[in-house]
Each structure stands twice: as structure tokens, then as C-alpha cells.
Amino acid sequence: MMHWTGASGRAAKYWLSGGRGPDGWHLVLLAKNSDAVLHCLLKMAGRDEYELGVELGAAKSALLRAIATIDALIAPMNGS
């Protein structure tokens, strides 16, 4: 969290304990880097319909990484 947002350790501890929440920009950065935060934010905002798009984007990214891994494993077999 600190790496994603540039927040201090003290601020991160407050967020994790529930003592305080992140400010607007920190919340945006957390949602950018964490699907869990993004899902919670969408749910709290009453925008559940956007979750499918987020999930599809994550699935697409995972498939592209898998394809790249397969290609890298196959390349030596083909003499590439």
C-alpha cells in the first residue's frame, strides 16, 4: 500500500486498522492497484454493474500472460 500510494507507514496502519480511510487520491491509487479495493469502491458507490468489466479485464490480462508464457516455453522447442 505504501509503495502504491506513497503514503507513510503511519497512514497505512490507520487505513488497515480502520481508524481512518485514505483520502481521495490515495483511494484512487489503491483502487488502481488492488482489485479488492476497486470492487469495494464500486459496490459502495452502487456501481456493481461495472464489476463484470473489471473481471473481464483481469481475465484477459491473465490469459495474455499465460499465452506469453506458453510462447516462451515453445520457442526453444522450435529452434527459435
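All of these numbers come straight from a predicted model, not from anything done at the bench.

Engineer: Describe the overall build of the protein, naming the residues involved and giving the relevant values.
Structural biologist: Counting secondary structure elements, the protein contains five helices and zero strands. In the protein, the succession of α and β elements from N to C terminus is α-α-α-α-α. Whereas a compact globule of 80 residues would reach a radius of gyration of roughly 12 Å, the protein reaches 18 Å, over 25% beyond that. A buried classification covers 16% of the 80 residues belonging to the protein. Long-range contacts, defined as pairs at least 24 residues apart, comprise 18% of the intrachain contacts of the protein with a sequence gap of at least 6. Per element, the accessible surface of the protein, about 6200 Å² overall, is 64% carbon and sulfur.

Engineer: Describe the packing of aromatic side chains, listing the residues and the values that go with them.
Structural biologist: We describe a pair of aromatic rings using the distance from one ring centre to the other and the angle between the two ring planes. What the rule picks out here adds up to zero aromatic pairs. Residue placement shows Arg20 over the ring face of Tyr14; its charged tip is 4.2 Å from the ring centre.

Engineer: For the packing of helix 4 (residues 35-44) against helix 5 (residues 51-74), give the residues involved together with the corresponding values.
Structural biologist: Two elements in contact, helix 4 and helix 5, have axes whose closest approach is 10 Å; the angle formed by their N-to-C orientations is 165°. Here helix 4 lies roughly antiparallel to helix 5, going by the angle between them. Here helix 4 and helix 5 pass one another in a crossing that is right-handed. Across the interface between the two elements, Asp35, Leu38, His39, Leu42 and Lys43 of helix 4 pack against Glu51, Val54, Glu55 and Ala58 of helix 5. Here the contact of helix 4 with helix 5 is built from residues that sort into four nonpolar, one polar and four charged.

Engineer: Describe the confidence of the model for the protein, naming the residues involved and giving the relevant values.
Structural biologist: For the protein, per-residue confidence averages 89 on the pLDDT scale, and residues scoring 70 or more make up 99% of the total. Element-level mean pLDDT values for the protein span from 88 in helix 4 up to 92 in helix 3 (residues 24-33).

Engineer: Give me the lowdown on the side chain of Thr5, citing residues and values where you can.
Structural biologist: Positionally, Thr5 belongs in helix 1 (residues 2-5). There is a polar contact of 3.1 Å between the side chain of Thr5 and the backbone nitrogen of Ala7. Among residues more than four places away in sequence, those in contact with Thr5 are Trp15, His26, Leu29 and Leu30.

Rules behind the numbers
- Residues numbered from 1 in each chain as written.
- Predicted model: local features only at pLDDT ≥ 70, side-chain atom pairs only at ≥ 80, totals over all residues.
- Heavy atoms only, no water.
- Helix = DSSP H or I, 4+ residues; strand = E, 2+ residues; numbered from the N terminus.
- Rg over C-alpha atoms; globule rule 2.2 N^0.38 Å.
- Buried < 20%, exposed > 50% of the residue type's maximum accessible area, 1.4 Å probe, protein only.
- Contact = heavy atoms within 4.5 Å.
- Areas by Shrake-Rupley, 256 points an atom, 1.4 Å probe, with all protein chains shown as cover.
- Phe/Tyr/Trp six-rings, centres within 6.5 Å; stacked < 30°, edge-to-face > 60°.
- Lys NZ or Arg CZ within 6 Å of the ring centre and 35° of its normal.
- Axes fitted to C-alpha atoms, helices over the stretch in contact; angles between N-to-C directions.
- Parallel < 35°, antiparallel > 145°, perpendicular 65-115°, else oblique.
- Left-handed = near helix turned anticlockwise from the far one by under 90°.
- Nonpolar A, V, L, I, M, F, W, Y, C, P; charged D, E, K, R; others polar.
- pLDDT = per-residue confidence, 0-100.
- Polar contact = N/O pair within 3.5 Å; in protein donor to acceptor, adjacent residues only side chain to side chain.

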